[in-house]
Amino acid sequence: MLRHNILAVVLAGGRGSRLEPLTRDRAKPAVPFGGAYRIVDFTLSNCYNSGVRKILLLTQYKAMSLDRHISIGWNRYFCREMREYVDVVPPQQYTDDDWYLGTADAVYQNVFAIQDEKPDYIIVLGGDHIYKMDYGKMLDFHIRNNADATVAAIPISPTEASGQFGVMEVNKEFRIVGFEEKPEEPKLIPGLSDRCLASMGIYIFNAEFLYDELSIDAADKTSKHDFGTNIIPSLIAEKRIFGFSFMDENKKTEAYWRDVGTLDSFYQANMDLVNVDPHLNLYDEEWPIYTFHPNLPPPKFVFASQLRTGLALDSIVCPGCIISGGFISNSIIGYRCRINSFSSVESSILFSNVNIGRGCRIRSAIIDKDVSVPPGDTIGYDQQRDRQRGFTVTKNGITVVAKQTNVEVNIE
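Keep in mind the model is a prediction, meaning the values are calculated, not measured.

1. What about the overall build of the protein?
Turning to step 1, where the next piece is worked out: The helix and strand inventory of the protein stands at 10 helices and 29 strands.
Turning to step 2, where the next piece is worked out: Relative to a compact globule of 412 residues, whose C-alpha radius of gyration would be 22 Å, the protein shows 23 Å and is just as compact.
Turning to step 3, where the next piece is worked out: A buried classification covers 55% of the 412 residues belonging to the protein.
Turning to step 4, where the next piece is worked out: Counting only contacts in the protein whose residues sit at least 6 apart along the sequence, the fraction spanning at least 24 positions is 58%.

This is the structure in structure tokens:
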């Protein structure tokens, strides 16, 4: 069902510094995921599948790749004549000369563009999480409870929430009675010793209510101008602020929602996809994930001899790839990659246009786009050597090679 009375504001301007070097020249929402997708595709697909077809995507840092992806891949899904669109909005500085000071300030600085659409409701979303959600169900809950604002919530472990997520307390009606932003010791859900109720960074507001609260917050010089830190905690005592229990459209036993904010969490979320029964179902025709698919030939596997068979097991291989006698296992291979003879790629993620030379060995690595690995090289087998070559090695031992890196073999 199309919902013309709600406008989505997607916050897609964060630096994503914990994903360096993958965010060295692209915004976090534009980082490739699962071979064929970008992180932002999941939020935008949720909007599209939910009937939310008016979307403002607020950008700030390193937005060119994201802007290009939206322009080429997403505008074709919307019809302007039917008041459907996804518009990329760089900082307009209508209200201030500053860059965005926080999530609430990002929305406030674009309030005139939002008001022009005359929505009844505004849903504020992050563009950097992986999940499936029908925002229409959350809107129905918001309207049914006569709420001023509603915050999506998911139970997670206190260890995971500590210092990372906003944590809320709710009464039996799910009205929020307490909210702390990134507490070190999160309060547990009553009756559960291993779960707290975390904010997903998804908010629905009555439009006029939001305008008033943003104006009040903007005038407060002591505020950090953030929804979780300032706006929501300031409202719960006097306004009708509700929590909405996350309803997962992924249709698995355990609800799926991932904040791929670190290299290790990004790697693990990708590796889940090559499992026989992954937690995230990308093949669900009832809730498709949309993106831009380039016009490329199917992947090709060549040489059937015992010595140099092109083979991929428990892996995702995207169009345009040639597996020329190389062996791939438990890996994700992006568009236009080439794996040459006698090479092996294990438990790794290759972005697009990566060339693995003859006789290479790659293990537990993320290799960004436009990288050519020389013949006979190894990556992921010697962490000290990888660091000496300027590669990033994560806490969990994943080697990350930045985009367009000139890979040299002879490093002492």
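2. Some details on the pairing of strand E5 (residues 85-89)
Consecutive side chains of a regular strand alternate in pointing toward one face of the sheet and then the other.
Turning to step 1, where the next piece is worked out: With five bridges joining them, strand E4 (residues 54-58) and E5 adopt parallel strand pairing. Bridging from a neighbouring strand, Leu 56 pairs with Asp 87 of E5.
Turning to step 2, where the next piece is worked out: Once you follow E4 into helix H2 (residues 64-73) and on to E5, the crossover reads as right-handed.

3. Some details on the state of the cysteines
Turning to step 1, where the next piece is worked out: Scanning the model with the defined rule gives zero disulfides in all.
Turning to step 2, where the next piece is worked out: Of the cysteine sulfurs around Cys 47, a residue in no disulfide, the closest is that of Cys 79, at 18 Å.
Turning to step 3, where the next piece is worked out: Look at Cys 47 and you get buried, because its relative accessible area is 0%.
Turning to step 4, where the next piece is worked out: No disulfide involves Cys 321; its sulfur sits 4.7 Å from the nearest other cysteine sulfur, which is in Cys 337.

4. Things to note about the pairing of strand E12 (residues 241-245)
Turning to step 1, where the next piece is worked out: Burial analysis of E12 places four of its five residues in the buried class, which makes it a mostly covered element.
Turning to step 2, where the next piece is worked out: Alignment of strand E8 (residues 149-156) against E12, held across five bridges, turns out to be parallel. Looking at E12, one finds that Thr 150 is bridged to Phe 242.

5. Remarks on the sheet that holds strand E27 (residues 378-379)
Turning to step 1, where the next piece is worked out: Taken in spatial order, the five strands line up as E15-E18-E21-E24-E27 in an open sheet, and their pairing is parallel. In this open sheet, the two edge strands, each paired with only one partner strand, are strand E15 (311-313) and E27.
Turning to step 2, where the next piece is worked out: The sheet contact formed by E15 and strand E18 (residues 327-329) spans three bridges and is parallel. Residue pairing in the sheet places Leu 313 in a bridge with Ser 329 of E18.

6. Topic: the nonpolar core
Turning to step 1, where the next piece is worked out: Within the largest apolar cluster, 43 residues are counted, with the highest numbers of intra-cluster contacts made by Leu 44, Leu 125, Tyr 131, Met 133, Met 200 and Ile 202.
Turning to step 2, where the next piece is worked out: No other element matches the five residues that strand E11 (residues 196-206) contributes to this core.
Turning to step 3, where the next piece is worked out: Excluding its chain neighbours within four sequence positions, the residues that come into contact with Met 200 are His 129, Tyr 131, Met 133, Ala 152, Ala 153, Ile 154, Phe 246 and Trp 257.
Turning to step 4, where the next piece is worked out: Among the nonpolar cores identified, the runner-up in size contains 35 residues, and Val 9, Leu 58, Phe 205 and Ile 232 belong to it.

7. Section: the environment of Gly 201
Turning to step 1, where the next piece is worked out: Within the secondary structure, Gly 201 is located in strand E11.
Turning to step 2, where the next piece is worked out: Judged by relative accessible area, which is 24%, Gly 201 ranks as partly exposed.
Turning to step 3, where the next piece is worked out: Taking C-alpha positions, Gly 201 is 7.0 Å from Ala 152, a pair spaced 49 residues apart along the chain.

8. Here's the deal with the pattern of salt bridges
Turning to step 1, where the next piece is worked out: By the definition in use, this model includes 14 salt bridges.
Turning to step 2, where the next piece is worked out: The partner of Asp 128 in a salt bridge is Lys 28, with the nearest N and O atoms 3.5 Å apart. In this pair, Asp 128 sits in the loop between strand E6 (121-126) and strand E7 (129-131) while Lys 28 sits in the loop between strand E1 (6-11) and strand E2 (32-33), placing the two residues 100 residues apart along the sequence.
Turning to step 3, where the next piece is worked out: Looking at Lys 28, the relative accessible area reads 8%, which means it is buried.
Turning to step 4, where the next piece is worked out: Asp 377 is the salt-bridge partner of Arg 389, the closest N and O atoms lying 2.5 Å from each other. Residue Arg 389 is found in the loop between helix H10 (383-388) and strand E28 (392-393), and its partner Asp 377 is found in the loop between strand E26 (372-373) and E27; the two are separated by 12 residues along the sequence.
Turning to step 5, where the next piece is worked out: Exposure remark for Asp 377: the relative accessible area of 1% places this residue in the buried category.
Turning to step 6, where the next piece is worked out: One salt-bridge network, held together by shared partners, links Lys 28, Asp 128 and Asp 259.

9. Brief notes about the sheet that holds strand E14 (residues 300-302)
Turning to step 1, where the next piece is worked out: Across the sheet, which stays open at both edges, the five strands sit in the order E14-E17-E20-E23-E26 with parallel pairing between neighbours. Each edge of the sheet is formed by a strand with only one pairing partner; in this case those strands are E14 and E26.
Turning to step 2, where the next piece is worked out: Inspection of the sheet shows strand E20 (residues 338-339) paired to strand E23 (residues 355-356) by two bridges, in the parallel sense. By the bridge assignment for E23, Ile 339 is matched with Ile 356.

Here is what the cut-offs are and how they apply
- Residues numbered from 1 in each chain as written.
- Predicted model: local features only at pLDDT ≥ 70, side-chain atom pairs only at ≥ 80, totals over all residues.
- Heavy atoms only, no water.
- Helix = DSSP H or I, 4+ residues; strand = E, 2+ residues; numbered from the N terminus.
- Rg over C-alpha atoms; globule rule 2.2 N^0.38 Å.
- Buried < 20%, exposed > 50% of the residue type's maximum accessible area, 1.4 Å probe, protein only.
- Contact = heavy atoms within 4.5 Å.
- Pairing = 2+ DSSP bridges.
- Right-handed = clockwise from strand over helix to strand, strands pointing away.
- Disulfide = S-S within 2.5 Å.
- Core = buried A, V, L, I, M, F, W, Y, C linked by side-chain atoms within 4.5 Å.
- Salt bridge = Lys/Arg side-chain N within 4 Å of Asp/Glu carboxyl O.

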